[in-house]
Amino acid sequence: MTIGSGGRVEPAPGVPLAETPPIVSEAAPAAAGPLKVKRGKSIQGASRLGWLFSAPAFIGLLVFVAIPIVLTAWVSLRDWSGFVSPFATEYIGFENYNDLLFQDGVHRTDFALSIRNNFYYVLFVVPMQTTIAFVLAVVLNNKFLKKKGFFRTSYYFPSITSSIAVTLIFLFLFQTQGAINAILPGDPINWFDNANGLFHNALGVIGIEDPPVWMIENEFMGVTYWQWIAGPSVAMFAIILLVTWTSIGTFMLIFLAGLQSIPESVEEAAKVDGASTFQTFWHIIIPLMRPTIFFVVTIGLIATWQVFDQIYATNFGGPQKTTLTPAFLTYFQSFTNSEAALGAAIAMLLLVVIMFSTFLQRRFIKSTGGH
Amino acid sequence: MRHRTFVVLVLLMALIAACGDGGGADTTTAGAAETTTGDTEAAATTAAGAATTMAPEEGGSLEGVELSLWGWSSSDAENAALNDLVAQFSEETGAMATFQPQAEYDVALQAALTSGDPPDVFYVDSLRLPDLADAGALAPVPDGAVSNPDDIFPSLREAFTYNDTWYCPPKDFSTLGLIYDPDVLEAAGVAVPTTWQELAAAAETLTTGDAAAIAAGTAQAGLSMGVEYARWGAFMFQNGAAITNEDNTAMTLDTPEAREALEYVAGLYQDGYAVKPAAVDSGWAGEAFGQGKAAMVIEGNWLPPAMEADFPDRNYAVAELPSGPVGPGTFAFTVCYGVAADAANPEASWALVDALTNEEGSLAWTEAFTVMPAREAAAAEWTTTHPDLEAFVAGADYAHRWGFVPGFGDVLGVMNPGLEGVVDGNMTLDQVIADTTAAGEGVLGG
């Protein structure tokens, strides 16, 4: 798993999984085949050819991924407004990081809020999109289902629609007079303009209106305990629904490819052994799909930690900063607040967050893996 | 979808990397151009730098000089009008000037400045001026480069003055005014409000339902106004208060005057007589007004063209903002033509700026539009063609500038969401004042 590149770019299916063989053999059988044949003849020639063929991709990675990461890291240590050449700026050590992590002030509060918001976003979106996509794929993989092409296309359609266009439609759906409020009971609200936390609202339903005083008076990184646990705001939840709806199509296709590569004979063998449909699904299909699930969750984690378009197109981080995310904060600090170096530092910290969460997720999937 | 930010950063870095050569090449071409035209004077001035006194109206001295003017694009009509003015300048002087509107203006300008190859002349919003001036990206106005500078409204010159240096002449300006529906006011027997009490009373009388009903189009709000300092601040001025002192060296938000003004405005929302646009499904107050969801809004010169484009049948009139206990007060929003500190040909650049902002140029530019010329004489002339917008011009006399110090965006970033919280009922004004003051002291160092 090349985590370093994972933070920057959504890797092509074959790239990040170089160390997880099951998918690679699926994703790039053509590449694996001829190499094996040549290895026997002339290892030297093959390796030279290998370098030659991978050179375009390698140069692309170097110029558009590796060098920018290094430059971003370098720039984040300088006092750079973004209006002059960064090479003409002063080295200020870790001051930007200190500002974001330890120094009491707006920058730290904003960063903490953005991490909080994005954490809840990831917490909701990744499980939702993975489960729904998996279920849809299993349904579509049913050999008795008619008109598969129609369903495949309709589910995939949101994924290939411009995210800005989808976001604008959702703005209308979720406004006070929108279709969603017309269906739901209760007072109509403008979802995208509501800063109340979901958990906060849920507690209100069971009669807990006011948070305990100690949770408001104490804070971590400039954000009160209550704000930390209040959950995603209603506005963020609307974005969560939006993104889940648009991304399930893509992941459904990946799951479908995985399901179709499971030989029918395996399922038949299970049936012969007397396994029920559920047992086959739970004990046969899911374990066999583990590499694909790992891939989808990894890609999902990386993508959700970088959410930007939907934030930009709705509220620029509002209402009350409850949809502020690190990626949007990077944009804001770099291009509208003349703090480009601070923006770079946020981007680097986001990289660390993504590396860490991918690492955790990897450990988790391994530990639940039975073998 | 997910990595736009990174793509932008990557592009920025690629640009920096690429420009080691690019900048050099440009310098050579510029040098070559000067030699071929044989214009020793231009070459000498360039060498001497921008500080030299210049006489911009020397015919022919700009023969063949290429000039780029960057801005954002507001409408096709404005682009066409500016193109005409720039073409006229080129014709008269022999220069080859072009207007190049940029889509993502801030990002494009930043990339150009960072790479050391900026456009010669570019739009600078008064809010952004301190950042650019502080970074040394802007050339100060040389003596004599801008004709008759005393004719420019003092508050607008001040908006482009940072650390006692004047950087650029304003392109045009807008102020905030009270825009209302004369038919609705007349039907309700409400006079155009001129004081805080009258505004509150008028808003109360004109409000016919709650936010849900207004959003549904079955009722109307008395007043709709964005929840942000760029609107509420006008009421603070009317009470003799402001977020910072005159020199932007200390926060002055925690004063009885400021608190009183904020309480007054917040009260309008809390009583249901003012609504924020989002609460009634509108993108901004002008849209709420156009849709008939509000009888009065507080917006600026950009409202009439928006009405024409989206709600051509909507009847409206403009009045000055009501006066507060201390007096009148409003904001002036303005943009100037800045000349890059690294401009290849400062003399030609300033000649273009002057042609666009002198009395004749500023009037030609604003005549067809609703933005106002930044010069007093031209503004008086402008009101004869825009009599219905006279209230906006009147605001120029007591308008406050919209500009602070570098990094002040963080402070507004604390205040505006806080004010939203006050309106939504999940924050108190005391909290907002305390948080904003703390944030401001961090930025101002006080």
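Every chain's residues receive numbers from 1 upward, in the order its sequence appears when written. Each chain is given a letter, starting from A, and each ligand a number, starting from 1, according to the order in which they appear as written. Predicted model: local features are reported for residues with pLDDT of at least 70 only, side-chain atom pairs are reported and counted for 80 or more only, and whole-chain, interface and lining totals are derived from all residues. Excluded from the side-chain calculation are hydrogens and water; included are all heavy atoms of the structure.

Caption draft 1: Just the overall build of chain B, in detail. Each helix and strand in chain B was counted, giving 19 helices and 12 strands. Burial here depends on accessible area, computed with a 1.4 Å probe over protein chains only, as a share of the maximum for the residue type. Under 20% is buried, over 50% is exposed, and the range in between is partly exposed. When each of the 446 residues of chain B is scored for burial, the buried share is 56%. Contacts are assigned to residue pairs with any non-hydrogen atoms lying within 4.5 Å of each other. Expressed as a percentage of contacts within chain B between residues at least 6 apart in sequence, the contacts between residues at least 24 apart total 73%. Here, Shrake-Rupley sampling with a 1.4 Å probe gives the accessible areas, and only protein chains in the shown set may cover a residue. Carbon and sulfur atoms provide 51% of the accessible area of chain B, an area that totals close to 17,100 Å². Going along the chain from the N terminus, every DSSP run of H or I of four or more residues is numbered as a helix, and every run of E of two or more is numbered as a strand.

Caption draft 2: Main features of the interface of chain B and chain A. Across the boundary between the two partners, chain B contributes 41 residues, which contact 50 residues of chain A. Between Asp193 of chain A and Lys276 of chain B there is a salt bridge whose closest N-O contact spans 2.9 Å. Residues adjacent in sequence count toward polar contacts only when both atoms are side-chain atoms; beyond that, a polar contact is any pair of N or O atoms within 3.5 Å, and within protein one must be able to donate a hydrogen and the other to accept it. Counting the contacts that link chain B with chain A gives 17 residue pairs in polar contact (both at pLDDT 80 or more). Of all the secondary-structure elements, those providing two or more residues to the side of chain B that touches chain A are α1 (4–37), α4 (105–114), α5 (129–134), α9 (211–216) and α18 (409–424) of chain B. Only one rule defines a salt bridge in this text: a Lys or Arg side-chain nitrogen within 4 Å of an Asp or Glu carboxyl oxygen.

Caption draft 3: Representation of the packing of helix α3 (residues 76–93) of chain B against helix α15 (residues 359–367) of chain B within the structure. All names here are of chain B. At a minimum axis distance of 9 Å, the contact between α3 and α15 shows a crossing angle of 155 degrees. By the angle between their axes, α3 is roughly antiparallel relative to α15. Crossing of α3 over α15 shows right-handed handedness. Together, Glu78, Ala81, Leu82 and Leu85 of α3 and Gly361, Ala364 and Trp365 of α15 make up the contact between the two elements. Residue composition of the contact of α3 with α15, grouped by class: 5 nonpolar, 1 polar and 1 charged. Simply put, an axis is a line fit to the C-alpha atoms, just over the touching stretch for a helix, and the angle between two N-to-C directions goes from 0 to 180 degrees. We call two directions roughly parallel when the angle between them is under 35 degrees, roughly antiparallel when it is over 145, roughly perpendicular when it lies between 65 and 115, and oblique otherwise. Should the near helix be turned counterclockwise from the far one by less than a right angle, the crossing is left-handed, whereas a clockwise turn marks it as right-handed. For this classification, the nonpolar set comprises Ala, Val, Leu, Ile, Met, Phe, Trp, Tyr, Cys and Pro, the charged set comprises Asp, Glu, Lys and Arg, and every other residue, Gly included, is treated as polar.

Caption draft 4: How the structure looks around the nonpolar core. Take the buried Ala, Val, Leu, Ile, Met, Phe, Trp, Tyr and Cys residues and link them wherever side-chain atoms come within 4.5 Å; each set so joined is a nonpolar core. Formed by 78 residues in total, the largest nonpolar core has its most connected members in Leu69, Leu82 and Phe122 of chain B. Discounting chain neighbours no more than four positions away, the residues touching Leu69 of chain B are Leu82, Val86, Thr98, Phe99, Gln100, Val121, Phe122, Tyr337, Leu352 and Leu356 of chain B.

Caption draft 5: Fine view of the pairing of strand β9 (residues 294–300) of chain B. Residues and elements named next belong to chain B. With 7 of 7 residues buried, β9 lies mostly within the body of the structure. Direction of pairing for strand β6 (residues 170–180) relative to β9: antiparallel, over a ladder of 5 bridges. If you follow Tyr180 over to β9, its bridge partner there is Met296. As judged from the 3 bridges shared by strand β7 (residues 221–224) and β9, these two strands associate in the parallel manner. In the sheet register, Ala221 faces β9, and the bridge partner there is Ala294. At least two bridges found by DSSP between two strands are what make those strands a pair.

Caption draft 6: The arrangement of the pairing of strand β1 (residues 66–72) of chain B in detail. Residues and elements named next belong to chain B. The buried count for β1 comes to 5 of 7 residues, which makes it a mostly enclosed element. As for the winding sense of the linkage, the β-α-β connection from β1 through α3 to strand β2 (residues 96–102) is right-handed. The sheet contact formed by β1 and strand β3 (residues 121–125) spans 2 bridges and is parallel. The partner of Leu69 across the bridge, within β3, is Val121. A crossover gets the label right-handed when its path from the first strand over the helix to the second runs clockwise, viewed with the strands pointing away from the viewer.

Caption draft 7: Examining the state of the cysteines more closely. All names here are of chain B. In this description, a disulfide is simply a cysteine sulfur pair whose atoms lie within 2.5 Å. Scanning the entire structure with this criterion turns up 1 disulfide over all chains. The disulfide partner of Cys168 is Cys336, and the S-S distance across this bridge is 2.0 Å. As the torsion about the S-S bond is roughly -70 degrees, the Cys168-Cys336 disulfide counts as left-handed. Taken as a pair, Cys168 in the loop between β5 (165–166) and β6 and Cys336 in strand β11 (residues 330–339) lie far apart in primary sequence, 168 residues in all. The same class applies to Cys168 and to Cys336, which are both buried.

Caption draft 8: Layout of helix α11 (residues 256–270) of chain B. Residue and element names in this part refer to chain B. In a regular helix each residue adds 1.5 Å, so 15 residues correspond to 21 Å; α11 covers 20 Å between its end C-alpha atoms and thus fits that length. Elements that come into contact with the buried residues of α11 comprise α8 (196–206), β7, α10 (229–238), β8 (274–275), α18 and α19 (429–444). Of the residues flanking the end of α11, it is Gly272, one or two places downstream, whose phi is positive at about 90 degrees. Helices are assigned an expected span. That span is 1.5 Å times one less than the residue count.

Caption draft 9: Broad picture of the side chain of Thr298 of chain A. One can find Thr298 of chain A in helix α16 (residues 290–304). Side chain to side chain, Thr298 of chain A and Gln361 of chain A meet in a polar contact 3.1 Å long.

Caption draft 10: Summary view of the pattern of salt bridges. On inspection of all chains with the given rule, the structure shows 14 salt bridges over all chains. Note that Asp172 of chain B and Lys171 of chain B form a salt bridge whose closest N and O atoms lie 3.1 Å from each other. Across the salt bridge formed by Lys276 of chain B and Asp424 of chain B, the nearest N and O atoms sit 3.1 Å from each other. With Lys276 of chain B in the loop between β8 and α12 (285–290) and Asp424 of chain B in helix α18, this residue pair connects regions lying 148 residues apart in the sequence. Classification of Lys276 of chain B as buried rests on a relative accessible area of 7%. Each of Asp193 of chain A together with Lys276 and Asp424 of chain B takes part in a single network of salt bridges with overlapping partners.

Caption draft 11: Quick look at the packing of aromatic side chains. All names here are of chain B. Any two rings among Phe, Tyr and Trp, with Trp reduced to its six-membered ring, count as a pair given centres within 6.5 Å; such a pair is stacked if its planes are under 30 degrees apart, edge-to-face if over 60, and tilted if neither. For the structure shown, the criterion picks out 46 aromatic pairs over all chains. Both rings, one in Phe99 and one in Tyr123, keep their centres 6.3 Å apart while their planes meet at 20 degrees; by these two values the pair is stacked. Of this pair, Phe99 sits in strand β2 while Tyr123 sits in strand β3, placing them 24 residues apart in sequence. Overall, Phe99 belongs to the buried group, its relative accessible area being 8%. Here Tyr123 falls in the buried class, since its relative accessible area comes to 3%. Arranged with centres 5.5 Å apart and planes meeting at 80 degrees, the rings of Trp402 and Phe404 form a pair that is edge-to-face. Considered together, Trp402 and Phe404 belong to a single accessibility category, that of buried residues. Three or more aromatic residues joined by ring pairs make a cluster, and in this case those are Tyr229, Phe237, Trp302, Phe331, Phe333, Trp402, Phe404 and Phe408. Definition used: whenever NZ (Lys) or CZ (Arg) falls within 6 Å of the ring centre and also within 35 degrees of the ring normal, the charge is taken to sit over that ring. Lying over the aromatic face of Trp166, Arg157 brings its terminal NZ or CZ to 4.4 Å of the ring centre.

Caption draft 12: The arrangement of the confidence of the model for chain B in detail. All names here are of chain B. Confidence per residue, as judged by the predictor, is encoded in pLDDT with a range of 0 to 100. Per-residue pLDDT for chain B averages 85, and the proportion of residues at 70 or more is 86%. At the low end of the mean pLDDT range in chain B sits helix α2 (residues 40–48), at 38; at the high end sits α10, at 96. Within the model, pLDDT remains below 50 along residues 9–59, and this stretch shows 44 contacts once partners closer than five positions in the same chain are excluded. We note a pTM of 0.82 for the whole complex and an ipTM of 0.80 for its interfaces.

Caption draft 13: The packing of α10 of chain B against α11 of chain B, seen in detail. Residue and element names in this part refer to chain B. Running from amino to carboxyl end, α10 crosses α11 at an angle of 130 degrees, the nearest separation of the two axes being 8 Å. Classified by the angle their axes make, α10 and α11 are oblique. Along this stretch, α10 crosses α11, giving a crossing that reads as right-handed. The segment α10 lies against α11, with Trp232, Phe235 and Met236 engaging Ala258, Ala261, Leu262, Tyr264, Val265, Ala266 and Tyr269. Split into classes, the residues belonging to the contact of α10 with α11 amount to 10 nonpolar, no polar and no charged.

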